[in-house]
Amino acid sequence: MNTQDLFGQGTPPSESVTFAPTRKAGLERLEKFLSRTGHHYERNRNYDFGPEQRSNISVLSPWIRHRIITEQEVLTQTLARQSPSAAEKFVQEVFWRGYFKGWLEQHPSVWLSYKRDLVQKLDALEANNFLNAEYQTAIEGRTGIDCFDQWARELVETGYLHNHTRMWFASIWVFTLGLPWQLGADFFMQHLLDGDPASNTCSWRWVSGLHTKGKSYLARASNIAKFTDGRFNPVGQLSPTAVPLVEDFDHPLLPIPEADALPEAAFLLLVTPEDCQASALWAENAAAVLALPTPEQERQSIRVQAFKTGALQDSISDLNGTLLCADWVTQITEVAREANVKHIVTAYTPIGPSADQLATAAPSLTEAGLTLHRVRRPYDTLTWPHANKGFFKVKKQIPKILQGLGLAP
Ligand SMILES: Cc1cc2nc3c(=O)[nH]c(=O)nc-3n(C[C@H](O)[C@H](O)[C@H](O)COP(=O)(O)OP(=O)(O)OC[C@H]3O[C@@H](n4cnc5c(N)ncnc54)[C@H](O)[C@@H]3O)c2cc1C
């Protein structure tokens, strides 16, 4: 298939996306892409035509990941423009995110072991000059595998990679270059504007053969040549096999932690990078609004840090809120005292840096007489329980979930 078959016009139209960390920019991108969420997306989504030609995919992930715009909003608008059958593929892809969020929430040891192993792998880089040189060669795009090198630079320079490219990149990282998957996942988390503990960790594990046990993903030159529309053809440069990685223990399935109801008493609304739209949801009843970036941001690129901080700033800009970048306990207790409230409300923080931060802060907040309420969105409440095995279980439930959200026709 060539681009003529894809777009009927010879070449795909030029369309690059600028990632401004504002709700306005996210909504504009959504509006622009809505007419393509039907069969156009289904037919063309697997092609990576390069950063200047993004008309075949939504590129909404940086906004969705921080809930600057929510999955529910994306689905609502999509289904207002497309029939459920035309939009089926796009709707399913949106649900992949909820699947990974729900799956990790029920397998917390995956996140804990990733973080623990990453520290070990980073230490190993310090101790092993050869490994360190291999790693630097990969992240600086100097491996000699043209496509991989270009993607490494594209990731650093733009903060984004196409989904298919992420799969090829991760596969080459693990099976051709023989580097630890945790270091690759960390490289992505440092630079992706949509870097997400669940989608990223689970996807790297999926490519490596750890998520669906024994089933890994092999990047093939012919597949890359086809779906980059001939921009790359790394024939003879890639590993011909992808022997799945193995772990020596099973990650147990745990119940989804309880969420809380909104308190009746006055509260301080805490907005985190996990859900910037929490400000719109609950601000009306809040005595004060406080936005806090996570300290984890320090490990992330300047571009990613600026996106997260900009998104938080944007989310509270009309609310007379405060954005502070310091110790969470001190900030929360001080702002709560000034607002004279004993309750803190935040959108439920799924597994990741914000949840880690809140878990650490919780005992001190209790000691200060503050009660934390983590309120979960209906989208998550309806989706997560089905995310305890493979994606198929969630996929089957999509019509019911949409019905529960009032989005079914
Ligand atoms: C190794 C690897 C790492 C990844 N890391 C991340 C990550 O850190 N954060 C992240 O949001 N996605 C991640 N993904 C999933 C996927 O690549 C991106 O969500 C997608 O490329 C975003 O581009 P888009 O907005 O144009 O997606 P579209 O194809 O337009 O899809 C619309 C939306 O659906 C969701 N979505 C689509 N595909 C997936 C998927 N496979 N998994 C999860 N959600 C999906 C995203 O929110 C996306 O914005 C990763 C995939 C791989 C293979």
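Residues numbered from 1 in each chain as written. Predicted model: local features only at pLDDT ≥ 70, side-chain atom pairs only at ≥ 80, totals over all residues. Heavy atoms only, no water.

Looking at an unreviewed UniProt entry, one finds the protein named Deoxyribodipyrimidine photo-lyase, with Planktotalea frisia as its source organism.

1. Focus: the site of the ligand
To be explicit about the condition: Any residue with at least one heavy atom within 4 Å of a molecule or strand is counted as near it. Polar contact is the term for a pair of N or O atoms within 3.5 Å; when the atoms are in protein, one must be able to donate a hydrogen and the other to accept it, and sequence-neighboring residues count only if both atoms are side-chain atoms. Computed by Shrake-Rupley with a 1.4 Å probe, the accessible areas treat only the displayed protein chains as cover when residues are assessed.
Y41, S58, V59, Y160 and N163 are the nearest of the 27 residues found near the ligand. Between Y41 and the ligand, the recorded distance is 2.5 Å, taken from a side-chain N or O atom to an oxygen atom. Between the ligand and the protein, one listed contact pairs an oxygen atom with a side-chain N or O atom of S58 at 2.6 Å. Here the ligand has 810 Å² of accessible area as a free molecule, and 96% of this is covered by the chains.

2. Some remarks on the sheet that holds strand β4 (residues 343-347)
Going by this rule: In this scheme, strands are said to pair when DSSP sees at least two bridges between them. Put simply, DSSP marks the helices as runs of H or I at least four residues long and the strands as runs of E at least two long, and each gets a number from the N terminus on.
With parallel pairing, five strands are arranged side by side in an open sheet as β3-β2-β1-β4-β5. The sheet is open, and its two borders are formed by β3 (322-323) and β5 (371-375), each paired with just one other strand. As judged from the five bridges shared by β4 and β5, these two strands associate in the parallel manner. Opposite V345, over in β5, you have H373 as the bridge partner.

3. Things to note about the pairing of strand β2 (residues 286-291)
So the rule is basically this: Per-residue accessibility, obtained with a 1.4 Å probe over protein chains only, is compared with the maximum for each type, and a residue is labelled buried under 20%, exposed over 50%, and partly exposed between these values.
Within β2, five of the six residues are buried, which leaves the element mostly enclosed by the surrounding structure. In terms of strand pairing, strand β1 (residues 267-271) meets β2 through five bridges, oriented parallel. Bridging across to β2, F267 finds its partner in A286. Across two bridges, β2 lies against β3 in parallel orientation. Across the sheet, residue L290 finds its bridge partner in β3, namely T322.

4. A few points about the packing of aromatic side chains
Our working definition: Any two rings among Phe, Tyr and Trp, with Trp reduced to its six-membered ring, count as a pair given centres within 6.5 Å; such a pair is stacked if its planes are under 30 degrees apart, edge-to-face if over 60, and tilted if neither.
Under the definition given, this model contains 27 aromatic pairs. Judged by centre distance (4.1 Å) and plane angle (10 degrees), the ring pair of W96 and F391 falls under stacked. Highlighted residues: W96 in helix α6 (residues 88-105) and F391 in helix α19 (residues 391-404), separated in sequence by 295 residues. Classification of F391 as buried rests on a relative accessible area of 9%. Measuring from centroid to centroid gives 5.6 Å for W111 and Y114, while their planes differ by 35 degrees, and the two rings are tilted. Linking W111 with Y114, this pair stays in helix α7 (residues 108-127), spanning three residues, or about one helical turn. The pair W111 / Y114 is uniform in exposure class, with both members buried.

5. Things to note about empty space enclosed by the protein
Let me state the cut-off plainly: Grid points spaced at 1 Å and placed over the protein atoms alone form the basis of the search, with a cavity being a set where a 1.4 Å probe fits but cannot get out and a pocket an open set showing protein on both sides within 12 Å along at least five of seven lines. Lining residues have an atom within 4 Å of a point. Grid points are joined across faces, edges and corners, and a volume is the space filled by probe spheres set on the points. Here the term charged refers only to Asp, Glu, Lys and Arg, the term nonpolar to Ala, Val, Leu, Ile, Met, Phe, Trp, Tyr, Cys and Pro, and the term polar to all other amino acids, Gly among them. A domain assignment, automatic or from a database, supplies the domain bounds used here.
Per the stated rule, a full pass over the model turns up two cavities of 30 Å³ or more. Counted as a void, the largest cavity has a volume near 120 Å³. Top element by residues in the lining of the largest cavity is α6. It accounts for three residues. Tallied by class, the residues present in the lining of the largest cavity amount to five nonpolar, one polar and 10 charged. Shared between two domains, the lining of the largest cavity holds at least three residues of each, these being domain 1 (3-105 + 383-404) and domain 3 (267-375).

6. Digging into the domain arrangement of the protein
Put simply, the test is: Here a residue-residue contact requires only that any non-hydrogen atoms of the pair lie within 4.5 Å. Once two parts are brought into contact, the accessible area they lose, counted with a 1.4 Å probe and summed over both, makes up the buried area. Definition used for salt bridges: Asp or Glu carboxyl oxygen within 4 Å of a side-chain nitrogen of Lys or Arg.
One can read the domain layout of the protein as domain 1 (3-105 + 383-404), domain 2 (109-227) and domain 3 (267-375). Spacing between the C-alpha centres of domain 1 and domain 2 amounts to 23 Å. With 20 residues of domain 1 in contact, the opposing surface of domain 2 contributes 22 residues. Here domain 1 and domain 2 share an interface that buries about 2000 Å² over both sides, 62% of which is from carbon and sulfur atoms. Taken together, domain 1 and domain 2 are joined by three salt bridges. The salt bridge partner of D196 is R97, with a shortest N-O separation of 3.3 Å. Taken together, the connections running from domain 1 to domain 2 amount to 11 residue pairs in polar contact (both at pLDDT 80 or more). Breaking the side of domain 1 that touches domain 2 down by element, the ones donating at least two residues are α4 (61-65) and α6.

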